[in-house]
Amino acid sequence: MRLRLKGGRVLDPANGENGVATGARRDIEILDGRVVAPTDLPAQAEYELNGDVVMAGGIDLHSHIAGGKMNLARLLMQEDRRAYPEMPGNFCGCGGGRAAPTAHATGCRYAELGYTTVFEPAMVGANARAAHLEMADIPNLDTGAYLVLGNDDFFLRLLAAGAGQEQVNAYVGWMIEATQAFAIKIVNPGGINAFKFNARKMDLDEASPHYEVTPRKVLTTLIRAVTELGLPHPIHLHGCNLGVPGNDETTLATIRATEGRRLHLTHLQFHSYGTEGDRKFSSSAARIAELVNANPNISVDVGQVMFGQTVTASADYMSQYRNRGIATPNKSIGMDIELDAACGVVPFEYRDKSFVNALQWAIGLELFLLVEDPWRIFLTTDHPNGGPFTTYPHLIRLLMDRDFRNAQLATLHKAAQKHTLLGGITREYSLEEIAILTRAAPARILGLADKGHLGPGAVADIAVHREDADREAMFSTTRYVFKDGRLIVKDGLVVELAQGTTHVARPGFDRGIEKDIGRWFDEAVGLKARHFRVADGELRGGAGPTILRCEGVAP
């Protein structure tokens, strides 16, 4: 089927095109779900855009949308469902919720914002089958998942026994294939496992109480494994001591520990806290941004705090256990998950009159504005941990409109205003930079060559916005959204549900590891390794995954 989008101003940073700046208008042509070079051939449908802004579909590389923790969050947050009930109408029956929306609501609300691809950043191996079933139930989005490693007993036993890097690589490759994962996430390296042996805090060079392995060893070993297996996305790291004042030194040491190898630091805002001042809580955003700027091997997403009710859900139970006393409402969940990891769910309301919450908000914006390269920083709230993804339009306005940002700052806790550099930062993001943060850069760091741009051959995931000087209004509503060339949103409302795909990576590895893994499953897990494996046919209702094959490199 051939479609034509006529007369739009195309904003496509990956291909160096900025029709917003030049005023140039052109057509986008779609054939069978892919962007093609313009032709004079008749099209089955045409859409007059009259100079509206045309961008590739948005890509969120870090948003908790599926898996056991989100189902627990939904069960815990009945208040969220009452506050945000299912929207009226009979179109999809997609359910409600804002901090912990249903699977259907997740797909529909993302699509309405112009997003077409979202990655779940913390899939535990034992929960992989359930996570994939849930992702298959999310309409209008392509998905993928990062496998949580670094606290699993099989891996820690390898390290403690002095196993060679080749054996570790084989284990990592087997786990990625068995769980249908796309990348590797480390959550509090070694810390979750150490919590089970009564540790309550772990620094980068502190040995765990049982395995006597340091977070540095966990991190550098898995960085090397991901590099040598050729995975496109670097290690996705939730570092040590999330949320603890003084964790800035650990974050700086972690960047230096990479010795030039690629590393992605996730929700960096939660890892940028100093201890200066009479309240012993301060911003280290400037110091950390300076080191990020000086190290091109480092990429980050922010995990911006947005004010209001949300729920925090994390595998980092060491952190969640610490926070359970400030839960709002006063309830929480904590659990171990089959020797793989853990899970903690703690509801929380970020308040603008709280010194700590206001400074967290400012620290996130400082990072956005002080990290210079828009190709190495990504727009996230760590949904739902810093705030729901539905707040993205407000966040975009904060980045693009200095007067608006400073007006918001002036309403916050007075002491927090004195502890931030934010009021003196003059930078305002351009529309092109927003397109980089939310489209082109995520596609590039994930290795998705046919996403995040509008050149010939690209997947026809496209968002059309009417330009508005109020950037929050502009990004709150899309005129059109196309998924694989199908119209799914018109004038801000979902008009069709499209089935997405699940992206997985397939690295090569030494299959000699399978004998050891089989013995481990028999003796320790109580489940056959072959039953742990998720088959291709179990994904997307039998459609199977979209496979990115990894050649394996060792730079």
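Going by the structure above, here's the rest.
The following paragraphs examine the structure supplied in this document. Small disclaimer: the values here were computed from a predicted structure and weren't measured. (Residues numbered from 1 in each chain as written. Predicted model: local features only at pLDDT ≥ 70, side-chain atom pairs only at ≥ 80, totals over all residues. Heavy atoms only, no water.)

Here's the deal with the layout of surface pockets
Then step 1. Its boundaries defined by the atoms lining it, the largest pocket holds a volume of some 560 Å³.
Then step 2. Looking at the largest pocket, it is lined by 33 residues, and the ones nearest its centre are L242, G243, F270, N323 and Y350.
Then step 3. Elements that contribute at least two residues to the lining of the largest pocket include exactly strand 10 (183-187), strand 16 (308-314), helix 12 (317-323), strand 18 (341-350) and helix 13 (355-370).
Then step 4. Among the elements that take part in the lining of the largest pocket, helix 12 stands out by supplying four residues, more than any other. (1 Å grid on protein atoms, 1.4 Å probe; cavity = no way out; pocket = protein on both sides within 12 Å on 5 of 7 lines; lining within 4 Å. Points joined across faces, edges and corners; volume = space filled by probe spheres on them. Helix = DSSP H or I, 4+ residues; strand = E, 2+ residues; numbered from the N terminus.)

Considering empty space enclosed by the protein
In this approach the atoms are scanned with a rolling probe the size of a water molecule, which exposes any empty space left behind.
Then step 1. Overall, the coordinates contain five cavities of 30 Å³ or more when judged by the stated rule.
Then step 2. Considering the residues around the largest cavity, the lining is formed by L237, G239, C240, T250, T251, T254, L265, T266, L268 and H271.
Then step 3. Broken down by element, the lining of the largest cavity gets its largest block of residues, three residues, from helix 10 (residues 247-257).
Then step 4. For the lining of the largest cavity, the residue count by class is four nonpolar, six polar and no charged.
Then step 5. Of the pockets and cavities examined, the second largest cavity occupies roughly 50 Å³.
Then step 6. Around the second largest cavity, the lining residues are A56, G57, I59, T116, T117, D450, K451, G452, H453, V459 and D461. (Nonpolar A, V, L, I, M, F, W, Y, C, P; charged D, E, K, R; others polar.)

Comments concerning the pattern of salt bridges
Then step 1. One pass over the structure, following the stated rule, counts 39 salt bridges.
Then step 2. D470 serves as the salt-bridge partner of R397, at 3.7 Å between the closest nitrogen and oxygen. Residue R397 is found in helix 14 (residues 392-400), and its partner D470 is found in the loop between strand 20 (462-465) and helix 18 (471-476); the two are separated by 73 residues along the sequence.
Then step 3. On the accessibility criterion, D470 (27% relative accessible area) is partly exposed.
Then step 4. Bridged by salt links that share partners, the residues R2, R4, K6, E29, E46 and E48 form one connected network. (Salt bridge = Lys/Arg side-chain N within 4 Å of Asp/Glu carboxyl O. Buried < 20%, exposed > 50% of the residue type's maximum accessible area, 1.4 Å probe, protein only.)

Notes on unusual backbone geometry
Then step 1. Here the residue pair T328 and P329 is connected by a cis peptide bond, since its omega of -5° sits within 30 degrees of zero.
Then step 2. Summarising the element assignment, P329 is placed in the loop between helix 12 and strand 17 (333-337).
Then step 3. The step from H383 to P384 runs through a cis peptide bond, and the omega angle for that step is -5°.
Then step 4. Of note, E212 is a non-glycine position whose phi angle comes to about 55°, a positive value.
Then step 5. Mapped onto the fold, E212 is located in the loop between helix 8 (191-195) and helix 9 (215-229).
Then step 6. With phi around 50°, D491 is a residue other than glycine that occupies positive phi space.
Then step 7. Summarising the element assignment, D491 is placed in the loop between strand 22 (486-490) and strand 23 (493-494).

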